[in-house]
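Fold and contact review
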Amino acid sequence: MSLSESLAIAITQGDCAGIGPETIAKAFLDAPETLRGCFIVGELETLRRAAQAVLRAGNCSLPVAVIDSPDQAWSVPARCLPLLPLDGLPGPAPWGQISRDAGYAAARCVEWAANAALQGRIAALVTAPLHKEALSLAGVDFPGHTELLQAAAAAHAGVTLDQMPVRMMLANDELRTVLVSIHMSLRDALEAVTQPQVLETLRITHLALTRTLGRAPRIAVAGLNPHAGEGGLFGREEIEAIAPAIAAARAQGMDVHGPFAPDTVFMRARNAPGHPGEFDVVLAMYHDQGLIP
């Protein structure tokens, strides 16, 4: 298959009142060859406004090229914005203002792109930022990208959300982290640290990274409490939930270690020049514990 015959990549516009459309426009302006075969799912006036925003300091143009199908993205000239517009999307909301319309449009774009990927009509999707409060105002039942994609995958497979467990992974060349819980209050996240939840997260992590790395990943598990509980002095979650999950995972053949003190394990796993990481991924117990590093 030649490059021109490959499936295209969809980029969702994100929240139209935020930085997403502008970021997309800047990328197409600065790296047109890199984004060849990519297109935007969104709304025409939103992208036109974004194009004008990134051109204010220059004299060149960045026209929006409306396409009817993903494959047409390959024929759009460089330094144009290939846009596949969705019917019924509201136009751009004022910058910086949280609104129902912006949340509705952002969710519609993600849902379209997710379904197109699941049906094999596009190669992948890239998501621009959305706003969780705007999603809520629009009546969207899911608080973020992870949950929207989970719902689309479950519907595509004809199963319930419980039958399509997913986890969030953040990854770059230096560090990977996977979260036991995602978008919930800290109080609820603490309640989610149970042996079954930790073990399921370990299974998902092991399977996903085995496919990516071509071998079993070395998984480090962060404790929940300071110093990983200090033998129960600072909390018993490590003893009663996390350590038993690690033991069960090791019994199933996974290369899992911990629980380690959360304030040191991420640096131990970091892969940097002159400092090869001890682990391929760190399992974090809640959202901010994993996303801050």
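For the structure, see preceding data.
Residues numbered from 1 in each chain as written. Predicted model: local features only at pLDDT ≥ 70, side-chain atom pairs only at ≥ 80, totals over all residues. Heavy atoms only, no water.

Take the overall build of the protein next. Looking only at helices and strands, one finds ten helices and ten strands in the protein. For the protein, the C-alpha atoms occupy an extent of roughly 65 × 45 × 40 Å along the three principal directions. Residues counted as buried form 45% of the 293 residues belonging to the protein. The long-range fraction of contacts in the protein, counting pairs at least 24 apart against all pairs at least 6 apart in sequence, stands at 64%. Summed over its atoms, the accessible surface of the protein is roughly 14500 Å², and 53% of this surface lies on carbon and sulfur atoms. Both charge centroids of the protein, one from 21 positive and one from 30 negative side chains, sit 4 Å from each other. (Helix = DSSP H or I, 4+ residues; strand = E, 2+ residues; numbered from the N terminus. Buried < 20%, exposed > 50% of the residue type's maximum accessible area, 1.4 Å probe, protein only. Contact = heavy atoms within 4.5 Å. Areas by Shrake-Rupley, 256 points an atom, 1.4 Å probe, with all protein chains shown as cover. Lys, Arg positive; Asp, Glu negative; His and termini not counted. Charge placed at Lys NZ, Arg CZ, Asp CG, Glu CD.)

Here we come to the sheet that holds strand β10 (residues 281–284). One open sheet accounts for five strands, arranged β6-β7-β10-β8-β9; its pairing is mixed. Of all the strands in the sheet, just β6 (169–171) and β9 (255–260) have a single pairing partner and so form its edges. Here the strands of the sheet are splayed against their neighbours by 20° on average, with no regard to which way each runs. Pairing geometry for strand β7 (residues 176–179) and β10, over three bridges, is parallel. Within β10, the residue paired with Thr177 across the bridge is Val282. (Pairing = 2+ DSSP bridges. Axes fitted to C-alpha atoms, helices over the stretch in contact; angles between N-to-C directions.)

Moving on to the nonpolar core. If you look at the biggest cluster of nonpolar residues, it comprises 19 residues, and the most contacted ones within it are Val198, Leu202, Val221, Ile242, Val256, Leu283 and Met285. Contributions of two or more residues to this core are made by α7 (195–213), β8 (218–222), α8 (237–251) and β10. With sequence-adjacent residues up to four places away left out, Leu283 is seen in contact with Val178, Val180, Val198, Thr201, Leu202, Thr205, Ala220, Val221 and Ala222. (Core = buried A, V, L, I, M, F, W, Y, C linked by side-chain atoms within 4.5 Å.)

With the exception of glycine, most residues fall at negative phi, and the peptide bonds are largely trans. For the peptide bond that leads from Gly258 to Pro259, omega is 0°, which places it in the cis range. Along the chain, Pro259 falls in strand β9. We note that Glu230 has phi near 50°; this positive angle belongs to a residue other than glycine. Looking at the secondary structure, you find Glu230 in the loop between β8 and α8.

Next up on the list: helix α1 (residues 20–30). Those residues of α1 lying buried are Gly20, Pro21, Ile24, Ala25, Phe28 and Leu29. For α1, the elements touching its buried residues are β1 (9–12), β2 (38–42), α2 (44–55) and β4 (81–85).

All right, on to the pattern of salt bridges then. Opposite charge on two side chains permits pairing when their charged atoms draw close. Enumeration according to the criterion identifies nine salt bridges in this entry. Arg100 is paired through a salt bridge with Asp101; the nearest N and O atoms lie 3.2 Å apart. Classification of Asp101 as partly exposed rests on a relative accessible area of 38%. One salt bridge connects Arg218 with Asp280, and the closest N-O pair in it is separated by 3.1 Å. (Salt bridge = Lys/Arg side-chain N within 4 Å of Asp/Glu carboxyl O.)

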